[in-house]
Amino acid sequence: MREGRAPLAVRRRAAEGQLPLPVSERIELLVWLAADADEQIRAQALGTLENWNVRELEQVLSDPATPAAVLDFALESPVLAREELLEAVLRNPAIAVQPAEVLSASLQKTSNRQPLRVAKKVRRRRTTRLCSNESRE
């Protein structure tokens, strides 16, 4: 699917969230399909994400095993720009370097997405730091 070689019928089912996969994998596929070359697939994937069960999205976004691409999408895409989802991402140990309350309050005070960019950069720095620590062992 990531290479863009999946048949159109499979991509359509995935864009509808209809493949028999765990929720986390279906959400990851939707994120990939949100950038699909086919406009209808992109629109369907974005619509499916927008209407996805909020509790399931919160669980996936707060899970440290969630791929960085999904977390980045949640931080950057207006499709998932809901307060409860932002809080779920900020609770994720993979990025939660600053308290969620600080970033959430900062976001409420400003109309730009600067706090989200900060959270994303912090996550990347933490990942780099963790990787460099592992290589020393």
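Nothing here was measured: the structure is a model prediction, and the numbers come from that model.

J.: Hey, could you run me through the environment of N51 in this one?
T.: Counting through the fold element by element, N51 comes out in the loop between α3 (39-50) and α4 (54-62). Considered as a pair, N51 and V79 are 28 residues apart in the sequence and their alpha carbons are 9.2 Å apart.

J.: What should I look at first to understand the environment of P64 in this one?
T.: Its location among the elements puts P64 in the loop between α4 and α5 (68-76). Take P64: its relative accessible area is 52%, and that puts it in the exposed class. Put simply, P64 and A94 are 30 residues apart on the chain and 5.4 Å apart in space, counted from C-alpha to C-alpha. Residues within four places of P64 in sequence aside, it is in contact with N92, P93 and A94.

J.: So what exactly am I meant to see when it comes to the nonpolar core here?
T.: Looking at soluble globular proteins, one finds that nonpolar side chains tend to be buried together. By size, the foremost hydrophobic cluster in this structure holds 29 residues, and its most contacted members are I27, L49, L57, L61, L80 and V89. Among the secondary structure elements, those contributing two or more residues to this core are α1 (8-15), α2 (23-33), α3, α4, α5 and α6 (83-91). Those residues in contact with V89 that lie beyond four places of it in its chain are L61, L71, A74, L75 and I95.

J.: Quick question: what am I supposed to make of α4 here?
T.: Those residues of α4 lying buried are L57, E58, V60 and L61. The secondary structure elements touched by the buried residues of α4 are α2, α3, α5 and α6. Taking the backbone nitrogen of R55 as reference, a side-chain oxygen 2.8 Å away marks N53 as the first, capping residue of α4.

J.: Looking at this structure, I do not really get the pattern of salt bridges. What am I missing?
T.: Close approach of charged atoms allows side chains of opposite charge to pair. Under the definition given, this model contains 3 salt bridges. Two residues, R42 and E39, come together in a salt bridge whose shortest N-O distance is 2.2 Å. Highlighted residues: R42 and E39, both in helix α3, separated by 3 residues, approximately one helical turn. Given a relative accessible area of 24%, R42 falls into the partly exposed group.

About the criteria used
Residues numbered from 1 in each chain as written. Predicted model: local features only at pLDDT ≥ 70, side-chain atom pairs only at ≥ 80, totals over all residues. Heavy atoms only, no water. Helix = DSSP H or I, 4+ residues; strand = E, 2+ residues; numbered from the N terminus. Buried < 20%, exposed > 50% of the residue type's maximum accessible area, 1.4 Å probe, protein only. Contact = heavy atoms within 4.5 Å. Core = buried A, V, L, I, M, F, W, Y, C linked by side-chain atoms within 4.5 Å. Polar contact = N/O pair within 3.5 Å; in protein donor to acceptor, adjacent residues only side chain to side chain. Salt bridge = Lys/Arg side-chain N within 4 Å of Asp/Glu carboxyl O.

These figures come from the coordinates and say nothing about function on their own.
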